[in-house]
Amino acid sequence: MSTRRLNIGIRTSAERSGALREAMRRVAGGDRAQQEPGLYFETVEELRQILTEKRMELLLAITRHRATSVHQLAGLLGRDYKNVSTDITMLERLGLVRLEAKAGKGRAQAPTVQYDEIQITIDLRQPRAVRAA
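Notes on the structure in this doc start here. (Residues numbered from 1 in each chain as written. Predicted model: local features only at pLDDT ≥ 70, side-chain atom pairs only at ≥ 80, totals over all residues. Heavy atoms only, no water.)

**Regarding the sheet that holds strand 5 (residues 117-121)**
Pairing in this open sheet of 3 strands is parallel, and the strands run 2-1-5 from one edge to the other. Of all strands in the sheet, those with a lone pairing partner are strand 2 (38-41) and strand 5, marking the two edges. Ignoring strand direction, the axes of neighbouring strands in this sheet form an average angle of 20 degrees. Sheet topology note: the strand 1 (residues 5-10)/strand 2 ladder contains 4 bridges and is parallel. Among the inter-strand pairings, Gly-9 is bridged to a residue of strand 2, identified as Tyr-40. (Pairing = 2+ DSSP bridges. Helix = DSSP H or I, 4+ residues; strand = E, 2+ residues; numbered from the N terminus. Axes fitted to C-alpha atoms, helices over the stretch in contact; angles between N-to-C directions.)

See the structure below:
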């Protein structure tokens, strides 16, 4: 079984646009090879604001505890349900977490992490990234 990896990094809007154009050129040329998924931010500060310590802790807890609901996960972590739910929603929007409906009573949804590894790369040659660090 192959490792599901997410690449996270810093890219300017121009770099993101260039990468999108390149991907579209590849597809138009018939290249259907699946690329590794990526999540990019404009600055290190933006990355830090989104991928907070608490959210990273959530990702690890979801993987380790395999909670059957967000409520159970909040209890395992000793955190307020509303705060955990807000963080899970953010992680879901980023594509890091998926909520899967479970059979049974209520509307409980089990959070699952979509990746085995997250690789964060910060190119120190980018003046904007270095300045934001």
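Let's pick the thread back up.
**Regarding helix 4 (residues 70-77)**
Every buried residue belonging to helix 4 is among Val-70, Leu-73 and Ala-74, and all of these are buried. For helix 4, the angular spread of buried residues about the axis comes to 100 degrees, placing them on one side. Opposite the packed face of helix 4, turned more than 90 degrees from it, sit the exposed residues His-71 and Gly-75. Looking at the buried positions of helix 4, the neighbouring elements they touch are helix 3 (53-65), helix 5 (81-93), strand 3 (97-101) and strand 4 (109-113). One or two residues past the end of helix 4 sits Gly-78, with phi positive at roughly 70 degrees. (Buried < 20%, exposed > 50% of the residue type's maximum accessible area, 1.4 Å probe, protein only. Arc of directions from axis to C-beta. Contact = heavy atoms within 4.5 Å.)

**Side note on the packing of aromatic side chains**
In the structure shown here, the tally under the stated rule is 0 aromatic pairs. Here the guanidinium or amino end of Arg-11 rests over the ring plane of Tyr-40, the centre of that ring lying 3.8 Å away. (Phe/Tyr/Trp six-rings, centres within 6.5 Å; stacked < 30°, edge-to-face > 60°. Lys NZ or Arg CZ within 6 Å of the ring centre and 35° of its normal.)

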